[in-house]
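A closer look at the structure
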Amino acid sequence: MSIDERTPRAADDDELDGLFWDLRLYVAGQTPKCLTAFSNLKRLCEEHLEGRYHIEVIDLLQNPQLAEGDQILAIPTLVRRLPSPLRKIIGDLSNEERVLVGLDLRPR
C-alpha cells in the first residue's frame, strides 16, 4: 500500500486554520485492521482538517527500515509529525474521541 494523499485547501475560520497537519500511518500490508485505520484516518481528516493535511502511508512489509525513525513498535500506528509536538496513536483509529484527543484536535 502506497498512498500519498493531499486534499485541496478549504476556507476555515477556527483557531487551527493555517496549521498544516503532516501525518504518517505505519501499516504492514493490506490487512483489514490497516485498511480500517486508513479509512478512519481519512474520514477524520476530511471532517476536522478540511484540506489542511497530508497523509503518508508507510508499509513496513515493503520498507521495514522506516520503523526505526519514528520508533514504531506496533501497527497500525499513526504519527502526527506536524504540528509539533510529535504524537503517536496505535490501533485502527475507530474510537474517534480517543483519536481526536490523541492528536490534540478539537471536534467541530
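Refer to the structure printed above.
Described in the following lines is the structure provided in the data block. (Residues numbered from 1 in each chain as written. Predicted model: local features only at pLDDT ≥ 70, side-chain atom pairs only at ≥ 80, totals over all residues. Heavy atoms only, no water.)

A few words now on the overall build of the chain. Of the regular secondary structure elements, the chain holds 2 helices and 5 strands. Taken from N to C terminus, the helices and strands of the chain fall in the order β-β-α-β-β-β-α. A sequence separation of at least 24 residues applies to 70% of the contacts in the chain between residues at least 6 apart. Of the accessible surface of the chain, which amounts to about 6000 Å², a share of 52% is contributed by carbon and sulfur atoms. (Helix = DSSP H or I, 4+ residues; strand = E, 2+ residues; numbered from the N terminus. Contact = heavy atoms within 4.5 Å. Areas by Shrake-Rupley, 256 points an atom, 1.4 Å probe, with all protein chains shown as cover.)

Turning to the pattern of salt bridges, a few remarks are in order. Evaluated as defined, the whole model comprises 6 salt bridges. Here Arg81 makes a salt bridge to Asp22, at a shortest N to O gap of 3.9 Å. Taken as a pair, Arg81 in strand S4 (residues 77-82) and Asp22 in strand S2 (residues 21-27) lie far apart in primary sequence, 59 residues in all. Here Arg81 and Asp70 are joined by a salt bridge, their closest N and O atoms 3.4 Å apart. (Salt bridge = Lys/Arg side-chain N within 4 Å of Asp/Glu carboxyl O.)

Let's shift gears to the pairing of S2. Counting buried positions over the 7 residues of S2 gives 7, a clear majority of the element. Taking every second residue as pointing to the same face, both faces of S2 are buried, with Trp21, Leu23, Leu25 and Val27 on one and Asp22, Arg24 and Tyr26 on the other. Where S2 and strand S3 (residues 53-59) come together, 7 bridges link them in parallel fashion. Each residue of the ladder has a partner; that of Arg24, found in S3, is Glu56. Of the crossover connections in this fold, the one passing from S2 over helix H1 (residues 32-48) to the parallel S3 is right-handed. For S2 and S4, the ladder comprises 5 bridges, and the chain directions are antiparallel. Note on S4: the bridge partner recorded for Asp22 is Leu82. (Buried < 20%, exposed > 50% of the residue type's maximum accessible area, 1.4 Å probe, protein only. Pairing = 2+ DSSP bridges. Right-handed = clockwise from strand over helix to strand, strands pointing away.)

The subject of this paragraph is the nonpolar core. By size, the foremost hydrophobic cluster in this structure holds 21 residues, and its most contacted members are Leu25, Leu41, Ile55, Leu78, Leu93 and Leu103. Looking at this core, the elements that each hand over two or more residues are S2, H1, S3 and helix H2 (96-102). Of the residues forming this core, the biggest block, 6 residues, is contributed by H1. Those residues in contact with Leu93 that lie beyond four places of it in its chain are Leu25, Ala37, Asn40, Leu41, Leu44, Leu78 and Val99. Listed in part, the 6 residues of the second largest apolar core include Tyr26, Leu60, Ile72 and Val79. (Core = buried A, V, L, I, M, F, W, Y, C linked by side-chain atoms within 4.5 Å.)

For H1, with 17 residues, the first-to-last C-alpha span of 24 Å sits near the 24 Å given by 1.5 Å per residue. Taken together, the buried positions of H1 are Cys34, Ala37, Phe38, Asn40, Leu41, Lys42, Leu44, Cys45 and His48. (Expected span 1.5 Å × (residues − 1).)

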